Amino acid sequence: MNLKRLVGLDTLAEQYAYGEDPEFGHVSASRVADRWVRTTCGYCSVGCGMLIGVRDGRAVAVRGDEHHSVNRGKLCPKGLSEHHTLDAPGRAQYPVLDGQRVTWDRAIDVMLERITAIQARYGKESFGVISTGQLVTEEFYTLGKLVQLGFGTRHYDGNTTLCMASAVSGYKRSFGSDGPPGSYEDMAQADLILLIGANIADNHPILCQRLLENPGATLIVADPRVTKTAMLADIFLPLKPHSDIALVNAMAHVLIRDGLVNIGYIERHTTGFEELRRHIAKYTPDYAAGITGLAPDVIERVALLYGRAKAAFIGWTMGVNHSTQGAETVNAINNLALLTGHIGRAGAAPFSITGQCNAMGTREAGFTSGLPGYRKFESAADRQELASLWGVDASRIPVSRGLAYPDIIEAVLAKRIRALWIIATNPAVSFPNHGVLKQALETVEFLVVQDGFHPTPTSQFAHLVLPAAIWGEKEGTYTNSERRVSKVNAAVPPPGEARPDFDIFLQLAGRLGVQDELFPGWQTSRDAFEEWKRVSRGRMCDYSAITYEDIETRGGVQWGGERLYADGRYPTDDGRARLFAIEWQPFPEQPNRDYPFVLNTGRTVEHWHTRTKTGGVPILQGMSPRAWLEMNPRDARKLGLKPHDRVTVESSRNRVDNVELRVTEIIAPGHVFMPFHYVETNSNLLTQSAYDPISREPNFKQCAVKVLRTDQ
Ligand code: SF4
């Protein structure tokens, strides 16, 4: 029976929703669900609401939740096929110790014996933990407490440092706290939208709906590549890599020069204006043109459009964050919003578009760059408040943050960290300068990898592998980019002996002897949520009035309301936001005679991060089976290369062979681009160990390479 003809379905989403297999064009009875479980997408931070179709205990379909305010029924290709991740090949099913299957009891015993022995010998802080924005908030909160109060180490960070740390640091410096000020709705209400280093058409596809809802807005896209998002723009700014600070400073220069700043707002709500004004006097459009490669009159025009807009929105993602000046670039962007008062009003916001489904939850629940509820390590009052809430002595709460992710890896190499626990992330593909990372994974005394899949490029280094549940198999909450807390539900049980991360953390706490003190009576993630509500009460990310049931019925709840800072008061000592005088600096590894190209790395819509999940989904893998290298036709001609040639990309650190060449005007002469998803042709063999000194985020976006035919 052709169900599509019967009910008039015509989209991929609808085909999936009703059980038709779009690959074969007919209804597969095995894909018709007999119940639907409401949840939230487990990939990107857009946070689309969806329903998982279950039949005979298996997830057989996914469809968009038409009542969810984020996506109103729509899903992108990853979301539409997400149920396939649950029974994809390579799911981790039982604990593995030194290559042998063991029981959970044995795995937990060995893990604790080894870690506590290392801590006894080398100190508590010889143990480091790297987690992920893939956990639900309840798990992240539980894990942080277990690591810092139970195991007594501060050296705990998440893979979110490879992604959003620059936005976090930038917000803290400008506004006194993390927390994206705006909402998706602002994209629909702005009369000017400026996207910087944000290819949302590939990386946050459903957000593009907001652009389509606002055809009257002027869309300006600044990006070194002609991305799919750039193709949607009214004005495309093909700026040179890493030159966005010069562009934004020059815009601020024009705004001040032409009196398009909001002096009343500046005087009432900011500090640092005079210093900024003096600093950017030199950032004339002519001066910035020399850095950005944009024409001075284009910079001028864009500045005037921004300054004259009634409500202007600036969004950014990894093109800004993945930089040695990521946090400062965020400050320069925030300057524009503060100078003009384009913040805290409908349509007006500076807005980081986050990476992972729950990167935001990790930021709120803390224990990495801050304490839970955006509290500060360095604040005695914050530490005391937490200690009282937890009923522990305040001396047990660290007074400063532990090492950030890259510094944990460095500490492993320096043998200051001897035991490492990696949870639901795959640094063997995602971490820059793979050679350094590999050495750390090979030499650490004890490595535990907890993941929903095994083997992964990272888990194959592990002494101990703990099998974990993934999206669709556990309960909790995610927070999306616009601070919307949405419910995540289990549709099916995890495979084999795999367990939700939450259960693993509680089991460890029990065996460590800290469960009664830190997690009294806890059994489910709802118990963690109830404590998190108390801990976040009165904070910016206040969950105290939120219930699981409320989230379900309302399609998510935004903490802080639709937008922050509507009253112009900021969580700084004096209630004012800070304007920063930011100097542009060239990126660290410039092209040279031996390595003449600038390599840019990024993503494609079909895949997620290191393909641990999407690599096992046939429809996605079939759409994008291998990596490619984009090169401008002029460069290809000079090198005698043709489309589809197999090329080797080489930096001073390593080389990647057999990459398919795409010859395209999408990329400017002198630049090449490669997606980072593919372990077989791992772009992070080429990237460098260069980090933002403020946020510690890697400079993934530029390194110097050469390109030659692979058989040369
Ligand atoms: Fe999932 Fe993001 Fe796609 Fe929405 S846009 S379906 S959240 S991957």
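Turning next to the packing of aromatic side chains. As enumerated under the stated definition, the model contains 24 aromatic pairs in all. Between Tyr-171 and Trp-316 the ring centres are 5.9 Å apart and the planes differ by 50°, which places this aromatic pair in the tilted class. Of this pair, Tyr-171 sits in helix H6 (residues 165-175) while Trp-316 sits in strand S14 (residues 312-316), placing them 145 residues apart in sequence. Each member of the pair, Tyr-171 as well as Trp-316, carries the same accessibility label: buried. Judged by centre distance (5.8 Å) and plane angle (80°), the rings of Trp-421 and Phe-505 are edge-to-face. Taken together, the residues span a long stretch of sequence, with Trp-421 in strand S16 (residues 419-423) and Phe-505 in helix H22 (residues 501-512) at a distance of 84 residues. As far as the burial class goes, Trp-421 and Phe-505 line up, both buried. Grouping aromatic residues by their ring pairs yields a cluster made of Tyr-141, Phe-367, Trp-390, Phe-529, Trp-532, Tyr-543 and Tyr-548. If you follow Arg-63 out to its NZ or CZ, it ends over the ring of Trp-36, 4.4 Å from the centre. Note that Arg-483 overlies the ring of Trp-559, its terminal NZ or CZ placed 5.6 Å from the centroid.

Residue Pro-455 is reached from His-454 by a cis peptide bond, and omega for that bond is 0°. With respect to the helices and strands, Pro-455 occurs in the loop between strand S17 (446-451) and strand S18 (464-467). Phi is positive for His-609, close to 45°, though the residue is something other than glycine. With respect to the helices and strands, the residue His-609 is situated in the loop between strand S23 (597-602) and helix H26 (618-623). Here the phi dihedral of Arg-696 falls at roughly 70°; this positive angle occurs in a residue that is not glycine. Mapped onto the elements of the fold, Arg-696 is located in the loop between strand S27 (671-675) and strand S28 (703-709). For Arg-696, a relative accessible area of 22% translates into the label partly exposed.

Counting buried positions along S23 yields six of six residues, so the element is predominantly enclosed. Of the two faces of S23, the one holding Phe-597, Leu-599 and Thr-601 and the one holding Val-598, Asn-600 and Gly-602 are both buried throughout. Across three bridges, the pairing between S23 and S28 is antiparallel. Its bridge partner being in S28, Val-598 is matched across the sheet by Ala-704. Bridge count for S23 against S27 is five bridges, and the pairing is parallel. The residue of S27 that forms the bridge with Val-598 is His-671.

On to the domain arrangement of the chain, then. Per the domain assignment, the segments making up the chain are domain 1 (3-87), domain 2 (99-159 + 357-471 + 498-549), domain 3 (165-353) and domain 4 (597-709). Taking only C-alpha atoms into account, the centre of domain 1 sits 33 Å from that of domain 2. The partner domain 2 presents five residues to the 14 residues of domain 1 that form the contact. By the criterion of area lost to domain 2, the three top residues of domain 1 are Gly-42, Thr-85 and Leu-86, representing 50% of everything that side buries. The tally of links from domain 1 across to domain 2 stands at zero salt bridges. Here domain 1 and domain 2 share two residue pairs in polar contact (both at pLDDT 80 or more) between them. Within the residue set of the side of domain 1 that touches domain 2, elements represented by two or more residues are strand S3 (35-40) and strand S4 (49-55). Of the residues that constitute the side of domain 1 that touches domain 2, the class distribution is seven nonpolar, six polar and one charged.

When pLDDT is averaged along the chain, the result is 93, and 96% of the positions lie at 70 or above. Scored below 50 in pLDDT, residues 1-27 shows 42 contacts in the model against residues more than four places distant or in partner chains.

Now for the site of the ligand. Looking at the ligand, the residues that line it are Cys-41, Tyr-43, Cys-44, Gly-47, Cys-48, Leu-75, Cys-76, Gly-79, Pro-205 and Ile-206. The residue inventory of the shell around the ligand, partitioned by class, reads eight nonpolar, two polar and no charged.

Counting across every chain of the model gives 45 salt bridges. One salt bridge connects Asp-382 with Arg-539, and the closest N-O pair in it is separated by 3.9 Å. Separated by 157 residues along the polypeptide, Asp-382 in helix H18 (residues 380-390) and Arg-539 in the loop between helix H24 (525-536) and helix H25 (548-554) bring together distant segments of the chain. In this structure, a network of salt bridges that share partners links the residues Arg-375, Asp-382, Glu-385 and Arg-539.

About the criteria used
- Residues numbered from 1 in each chain as written.
- Predicted model: local features only at pLDDT ≥ 70, side-chain atom pairs only at ≥ 80, totals over all residues.
- Heavy atoms only, no water.
- Phe/Tyr/Trp six-rings, centres within 6.5 Å; stacked < 30°, edge-to-face > 60°.
- Helix = DSSP H or I, 4+ residues; strand = E, 2+ residues; numbered from the N terminus.
- Buried < 20%, exposed > 50% of the residue type's maximum accessible area, 1.4 Å probe, protein only.
- Lys NZ or Arg CZ within 6 Å of the ring centre and 35° of its normal.
- Pairing = 2+ DSSP bridges.
- Domains from an automatic or database assignment.
- Contact = heavy atoms within 4.5 Å.
- Buried area = accessible area lost by both parts, 1.4 Å probe.
- Salt bridge = Lys/Arg side-chain N within 4 Å of Asp/Glu carboxyl O.
- Polar contact = N/O pair within 3.5 Å; in protein donor to acceptor, adjacent residues only side chain to side chain.
- Nonpolar A, V, L, I, M, F, W, Y, C, P; charged D, E, K, R; others polar.
- pLDDT = per-residue confidence, 0-100.
- Near = heavy atom within 4 Å.

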